[in-house]
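Analysis of the macromolecular model
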Amino acid sequence: MARVSTKENKNIYHQTRENLKLTREAASALLESITPERIEKIENERSLPHPDEVLVMAEKYRQPGLCNHYCANQCPIGQQYVPEVKIKDLSQIVLEMLASLNSMNKQKERLIEITVDGKITGDELEDFIYIQDELERISIAVETLQLWSEQMLATGAIDPRLYSAHKKQ
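A brief report on the enclosed structure follows.

**Points about the overall build of the chain**
- A tally of helices and strands in the chain yields nine helices and zero strands.
- Secondary structure elements in the chain, listed N-terminal to C-terminal, are α-α-α-α-α-α-α-α-α.
- Here the C-alpha atoms of the chain give a radius of gyration of 21 Å, more than 25% beyond the 15 Å that 2.2 N^0.38 yields for 169 residues.
- By residue count, 31% of the 169 residues in the chain fall in the buried class.

Set out below in structure tokens:
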């Protein structure tokens with residue numbers, strides 16, 4: 001059994017490994033391409049993980065959320081364009097998405113009015129920003145649902161073979 005670190009403020013990579021009750025050596029064996037020394041540097045934030053290392057950790061640890069965390073918080077491009085997504089209960093994801101979709105349904109006529117001339121004037125700007133924010137909430141809800149699905153596939157809660165078969169139809 002892994003010795004649990006007493007370090008406070010462990011990063012997500014450290015927490016994930018310890019939650020799996022893996023030593024750095026056992027994690028290295030599981031990850032195959034990342035040495036215990038490299039894991040230690042990543043966990044103690046002496047080095048940022050490389051994207052390929054995060055992909056391996058996400059797959060082998062069965063934690064696809066590591067990829068979103070990396071992109072939203074550590075990748076310079078992702079920090080600009082990728083929102084951090086937290087896995088929630090399916091019912092909460094669906095309710096948030098439906099609330100945003102309902103709000104957008106009410107706003108679609110206004111969006112047409114604002115954009116029909118290809119310009120956004122000062123008196124339209126506040127409504128346009130509101131609609132833009134609502135669209136961002138829908139986008140985040142979609143990303144959250146995707147991450148939830150990936151987590152369920154990774155843990156076997158959704159049968160990957162059945163999922164793939166239905167996706168291809």
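**Overview of empty space enclosed by the protein**
- What the rule picks out here adds up to one cavity of 30 Å³ or more.
- If you add up the space inside the largest cavity, you get close to 30 Å³.
- Every residue along the wall of the largest cavity is listed here: Tyr13, Ile39, Ile42, Glu43, Met57 and Tyr61.
- Here the residues of the lining of the largest cavity are counted per class, giving five nonpolar, no polar and one charged.

**Details of helix H5 (residues 65-73)**
- Among the residues of H5, those classed as buried are Leu66, Asn68, His69, Tyr70 and Ala72.
- Looking at the buried side of H5, the elements it contacts are helix H1 (12-19), helix H4 (51-60) and helix H6 (76-81).

**Re the side chain of Arg17**
- If you trace the backbone, Arg17 turns up in helix H1.
- Within polar-contact distance, the side chain of Arg17 engages the backbone oxygen of Leu22 at 2.6 Å.
- Ignoring any residue separated from it by four or fewer positions in sequence, one finds Arg17 in contact with Leu22, Thr23, Arg24, Ala27, Ile39, Glu43 and Tyr61.

**Quick notes on the packing of H1 against helix H3 (residues 36-43)**
- One can describe the packing of H1 onto H3 by two numbers: an axis separation of 8 Å at closest approach and a directional angle of 125°. As judged from the angle between their axes, H1 and H3 are oblique. For the pair formed by H1 and H3, the contact residues are Tyr13, His14 and Arg17 on the first element and Ile39, Ile42 and Glu43 on the second.
- Across the contact of H1 with H3, the residue classes break down as three nonpolar, one polar and two charged.

**Remarks on the pattern of salt bridges**
- Inspection of the entire model under this criterion finds eleven salt bridges.
- Glu43 is paired through a salt bridge with Arg24; the nearest N and O atoms lie 2.8 Å apart. Here the residue Glu43 occupies a position in helix H3, and Arg24 occupies one in helix H2 (residues 24-31), the gap between them amounting to 19 residues.
- Judged by relative accessible area, which is 1%, Glu43 ranks as buried.
- Between Glu96 and Lys88 there is a salt bridge, and its shortest N-O distance comes to 2.8 Å.
- Through salt bridges that share partners, Arg17, Arg24 and Glu43 make up one connected network.

About the cut-offs
Residues numbered from 1 in each chain as written. Predicted model: local features only at pLDDT ≥ 70, side-chain atom pairs only at ≥ 80, totals over all residues. Heavy atoms only, no water. Helix = DSSP H or I, 4+ residues; strand = E, 2+ residues; numbered from the N terminus. Rg over C-alpha atoms; globule rule 2.2 N^0.38 Å. Buried < 20%, exposed > 50% of the residue type's maximum accessible area, 1.4 Å probe, protein only. 1 Å grid on protein atoms, 1.4 Å probe; cavity = no way out; pocket = protein on both sides within 12 Å on 5 of 7 lines; lining within 4 Å. Points joined across faces, edges and corners; volume = space filled by probe spheres on them. Nonpolar A, V, L, I, M, F, W, Y, C, P; charged D, E, K, R; others polar. Contact = heavy atoms within 4.5 Å. Polar contact = N/O pair within 3.5 Å; in protein donor to acceptor, adjacent residues only side chain to side chain. Axes fitted to C-alpha atoms, helices over the stretch in contact; angles between N-to-C directions. Parallel < 35°, antiparallel > 145°, perpendicular 65-115°, else oblique. Salt bridge = Lys/Arg side-chain N within 4 Å of Asp/Glu carboxyl O.

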